[in-house]
Amino acid sequence: MFKPCADQDVLPGSTLSQQLSRRMRRQPIRRLKLSMPEAGVLVALTDHPDDPQVVLTRRASRLSSHAGEVAFPGGKRDPEDTDLLATALRESHEEIDLAPERVEVVGPLGQVVSKHGFLVSPFLGVISEQQPLTPNPDELESLFKVPLSFLLDRSQFQMEKLSFEGRSIHMPRYDYQGYVIWGLSAFILVEMLNQGFDAGLPLESRPERRR
C-alpha cells in the first residue's frame, strides 16, 4: 500500500484520508490577513492503494481569466457560500461533476494570492478511484489525473525563474503528457506534496509573504 507519511503516521487499516489528516494536523496552516476577493479550490486525490492520483483541469481558452491554464477545480466565492470549503466543493461540482458528498475532506492547505488579486484557499480531499468525473465544456478544455509517483520523482520536478513585481523568483513546474503545471497551481501542489508526503521538494516563500 502507498504510504504518504512517516511510519508513525501509518496505522494498520487507516485510510489515505486518515493518514493525511494526521500528518497535516502536525503543521501550521498559513493564513493571510489580506482584504481582497476570495476563492476556493479543491486538491482532490484518488484513493488508489498503490499510486493515488491528483485531479487537475485545463481551463477553456476562451475564458476571460486563466485561459488555457492548468488549474485545480475551484473558483470565486459566491455570496451564498457558507465558507470557502463550500466554494471549493460547489465549483468542483460545477466544473467536473464531483458531488460534495463524494469528497472526503482532509482539511485546508496554506492560503495564497493569485496574480489576478484573489486570496485563494485550497482544500485537500480524497475521492474514490472509481468516481466518474466529467469536465464542464463551458469552463474546461479537459480534465486529467497525475500519479503521485510521477510528482514525487525528482527527475520530473523543475524550478522555473520568473519575474514578479520587479523581483526574480523561482517557481516549481511539471510537464506531464502535454500539460504544463506551473505558477500558483504548481506551488499549491508542491506544498501539499511536502506536507502530506514528505517530498522534500525545494520551494521558495510566496511573494505575498514578503510584503
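That block above? That's the structure.
This section reports on the structure supplied with the text. The structure presented is a predicted model; accordingly, all values stated were derived computationally and were not measured.

Glancing now at unusual backbone geometry. Backbone geometry at Gln177 places phi at a positive 50°, although glycine is not the residue there. Inspection of the secondary structure assignment puts Gln177 in the loop between strand S10 (167-176) and strand S11 (179-181). One non-glycine residue, Asp198, lies in positive phi territory at about 55°. Its place among the elements puts Asp198 in the segment after helix H4 (183-197).

On to the environment of Asp153. Mapped onto the fold, Asp153 is located in the loop between helix H3 (148-151) and strand S9 (158-164). Classification of Asp153 as partly exposed rests on a relative accessible area of 31%. Separated by 48 residues in the primary sequence, Asp153 and Leu201 place their C-alpha atoms 10.0 Å from one another.

By the element assignment, Glu191 lies in helix H4. The class of Glu191 is buried, set by a relative accessible area of 12%. In this structure the side chain of Glu191 is engaged in a polar contact, spanning 2.8 Å, whose partner is the side chain of Arg30. Residues within four places of Glu191 in sequence aside, it is in contact with Arg30, Gly110 and Leu203.

Right, let's get into the nonpolar core. Soluble globular proteins: nonpolar side chains tend toward being buried together. Judged by nonpolar contacts, the single largest core of 39 residues is most densely connected at Val54, Leu151, Tyr174, Ile181, Leu189, Met192 and Leu193. Ranked by residue count, the leading element in this core is H4, at 8 residues. Once you skip the residues sitting within four places of it in the chain, Met192 turns out to touch Val43, Leu45, Val54, Leu109, Leu124 and Phe197.

Moving on, we get to H4. With 15 residues, H4 extends 21 Å between its outermost C-alpha atoms, agreeing within 8% with the 21 Å of an ideal straight helix rising 1.5 Å per residue. With 14 of 15 residues buried, H4 lies mostly within the body of the structure. Asp198 sits one or two residues past H4 and shows a positive phi near 55°.

Cut-off values and rules
- Residues numbered from 1 in each chain as written.
- Predicted model: local features only at pLDDT ≥ 70, side-chain atom pairs only at ≥ 80, totals over all residues.
- Heavy atoms only, no water.
- Helix = DSSP H or I, 4+ residues; strand = E, 2+ residues; numbered from the N terminus.
- Buried < 20%, exposed > 50% of the residue type's maximum accessible area, 1.4 Å probe, protein only.
- Polar contact = N/O pair within 3.5 Å; in protein donor to acceptor, adjacent residues only side chain to side chain.
- Contact = heavy atoms within 4.5 Å.
- Core = buried A, V, L, I, M, F, W, Y, C linked by side-chain atoms within 4.5 Å.
- Expected span 1.5 Å × (residues − 1).

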